[in-house]
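Notes for the structure review
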Amino acid sequence: MSRALSGLGVSPGIAIGEPVVHETRPISTLRITIPPEKVDAEIERFRHAVAATVDHIQENRDRASQQMGEEYAAIFEAHQLIASDPSFTGPVEKVIREQEVNAGWAIDQVLEKLIAKFEALPDEYLADRKLDVLDVATQILHALQGLHLGQLEQLDRPVILVADDLPPSAAVQLPLDKMLGFALEMGGPTSHTTIIARSLGIPVIVGARGSCEEAKRSRRIALDAFEGKIVFDPNPAELSEYKSRQREYHEQQATLLQMRHVPTVTRDGRSIQLLANIDLSNELGHAMDWNVAGVGLYRSEFLYMKMSPALPTEKDHIEVYREMVSKMAPHPVTIRTFDLGGRKLAREIIGEGSEANPVLGLRGIRLCFSKPDFFRAQLRALLLTAGEFPVGRLKIMFPLISGIEEVRVARLLVREISAELRAVGHEIPDGIPLGAMVEVPSSAIMARELAREVDFISIGTNDLIQYTLAVDRSNNLVADLYRPTNPAVLRLIAEVIAAGEAENTDVSMCGEMAADPLMVPVLVGLGLRSFSMNPQAVPVVRALIRQLSFREAGQIARQAAKFVTARDVEEYLLERLAFLLAKTKIQV
Ligand code: PEP
Ligand code: MG
């Protein structure tokens, strides 16, 4: 008999396939008493998990030294030593034997004491080594549970990944070409894992609590991200229905692909620029398939996450940027300096879990400033790459600007580094475009002044909505409150677009709102001319814009501005969207 669970569909599509479960929450917090005669077997199970972990670390070590050089191997060697260190394994085995408990519980007990010792160390560097111990212990716990991410990396067949949580740092390590879909118990519509999946056309459902347990008992699942429904072991009738809907969707995508060369222009001749958001440089191919006019946002922090635990060198940066700018020529590529922090952790830079409120903490430009060595290395690479191309091909953008002084400091740094590079013979042209992201209400409120300080502005609605409405964008418990249609959000966006117009500064939007068919008519009506989005969204947005007239879009924007609740705005926009889509035969 089939069983079903509901969640929120956040990346469109239908997937049918074998589920593979990945749980990050350790089962170890459960204390299970082991009968005395099974204690030896439990110790054997623990030793097995340790051996598997050491082997897995060795594989990672080999890969890192091949890809990044032998100097990075040291990190993995240290992890191997921790995993097999008798001062860790000995006490765990002792707890299993003496207390007659499961290995997971024993690891937790030993870990707790070990971490406390590390935290008491006066040297910050040494205290931070607790992160390595935690990492290794987590890997052993996962090995005890069966499948861990390491095994997922070697998957040789397509699967649907069912997980309790999948942070972006883990998602980038997956063989994404084998992922038919994601069913996640946590996550939200604009969490970064969702954003990556959307760019790659991987259907995703978040907030489907209980999926891991159900999936463990299932041989096949159907994931319908349009309806937000997961069916476990679908019966033949359900299966054939999902297959036929999946076919229809693929046919629609193929039809849209054929239309990729039509210009993005409204019925009354206003032309609109569609750009791509890129997280991993291999997404560029998709963007080019859909005929975009450049890259409006390259999230450079994914380079850090992808290479973690190593850090990208100046050479790594340059290689990636140069390839992207050459491939996209003659179109521009906007590279955002690393926006780590918040949910996007690079432990090597900031340490993990050290902030009580990371989303309001050291992230974005604040982190860039607090780690000047990393920031300078990236800026040097950006300027050197920009120098290889005509001015304007590479644009530099700063994340999470919350005040004018941050822009000034960033500009000053660029000027300083340019001078240093010129002094040693590099040709760094003047006028490399520098832009600010408007993602914090304070910047939106000061948009007019901000527009005078920069060459361009990009509205990051994913964070702007989060900070304006005080709704965590990754928390599915408050996903209902995360509303792009909230009048306060619309008003801020209208002001930013108007400020850009008044100051003759280009304004683009690179948050997910730019790709939302419901919002496109209002945004066009507010005067936005540049939309940057995950490449998969381009064809639908293009088709929609071609149905619109700028005049009509202006009326929609004026009417939407009269409503005072998100629900009223939404109802009105849905009605307009249905009307527009009726002419296109597109399903969204
Ligand atoms: C945004 O906040 O809208 C944005 C584009 O940046 P990110 O999603 O990477 O935070
Ligand atoms: Mg952001």
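What counts as what
Residues numbered from 1 in each chain as written. Chains lettered and ligands numbered in written order. Predicted model: local features only at pLDDT ≥ 70, side-chain atom pairs only at ≥ 80, totals over all residues. Heavy atoms only, no water. UniProt positions renumbered as here; feature names shortened; annotations may be inferred. Donors = N, O, S within 2.8 Å, 3.2 Å for Na, K, Ca; no water. Helix = DSSP H or I, 4+ residues; strand = E, 2+ residues; numbered from the N terminus. Buried < 20%, exposed > 50% of the residue type's maximum accessible area, 1.4 Å probe, protein only. Pairing = 2+ DSSP bridges. Axes fitted to C-alpha atoms, helices over the stretch in contact; angles between N-to-C directions. Expected span 1.5 Å × (residues − 1). Contact = heavy atoms within 4.5 Å. Phe/Tyr/Trp six-rings, centres within 6.5 Å; stacked < 30°, edge-to-face > 60°. Lys NZ or Arg CZ within 6 Å of the ring centre and 35° of its normal.

Under an unreviewed UniProt entry, the name given to the protein is Phosphoenolpyruvate-protein phosphotransferase, and the source organism is Candidatus Sulfomarinibacter kjeldsenii. Under the UniProt heading Catalytic activity (unreviewed entry), the note attached to the protein is "L-histidyl-[protein] + phosphoenolpyruvate = N(pros)-phospho-L-histidyl-[protein] + pyruvate". Under the heading Sequence similarities (unreviewed entry), UniProt records this for the protein: "Belongs to the PEP-utilizing enzyme family."

Protein coordination at the magnesium ion (ligand 2) comes from E439 (OE) and D463 (OD), with a distance range of 2.0 Å. Linking E439 in the loop between β14 (434–438) and α19 (441–445) with D463 in helix α21 (residues 461–469), this pair joins segments that are 24 residues apart in sequence. Judged by relative accessible area, E439 falls into the buried class, the value being 2%. With a relative accessible area of 2%, D463 lands in the buried category.

Quick look at helix α9 (residues 192–200) now. Of all 9 residues in α9, 9 are buried; the element is thus mostly enclosed. Of all the residues in α9, the buried ones are H192, T193, T194, I195, I196, A197, R198, S199 and L200. Once α9 finishes, G201 follows within two positions and takes phi at roughly 75°, a positive value.

Once that is clear, we can look at the sheet that holds strand β9 (residues 229–232). The strand order across the open sheet built from 4 strands is β1-β9-β8-β3, with neighbouring strands paired in antiparallel fashion. Strand pairing shows two members of the sheet lacking a second neighbour, β1 (3–6) and β3 (14–17), which therefore form its edges. Pairwise comparison of adjacent strand axes, ignoring direction, gives a mean angle of 10° for this sheet. Sheet topology places β3 next to strand β8 (residues 221–224); 4 bridges connect them, and they run antiparallel.

A few words on helix α18 (residues 404–423). Look at α18: 29 Å from first C-alpha to last across 20 residues, which is about the 28 Å you get at 1.5 Å a residue. Of all the positions in α18, only I404, E406, V407, A410, L413, V414, I417, S418 and L421 are classed as buried. The inward-facing, buried residues of α18 abut α16 (365–370), α17 (372–386), β13 (394–398), β14 and α20 (447–453). Following α18 by one or two positions, G425 adopts a phi angle in the positive range, close to 100°.

Within this structure, the stated rule accounts for 7 aromatic pairs. Taking the centre distance of 6.4 Å and the plane angle of 75° together, the rings of Y298 and Y321 count as edge-to-face. Taken together, the positions of Y298 in strand β11 (residues 295–299) and Y321 in helix α14 (residues 314–328) put the pair 23 residues apart, joining distant regions of the chain. Centre to centre, the rings of F563 and Y572 are 5.6 Å apart; their planes meet at 45°, and the pair counts as tilted. Judged by its relative accessible area of 15%, Y572 falls in the buried class. When the ring centre of F550 is taken as reference, the NZ or CZ atom of R270 above it lies at 3.9 Å. Seen from the ring of F456, K395 lies directly overhead, with NZ or CZ sitting 5.0 Å from the centre.

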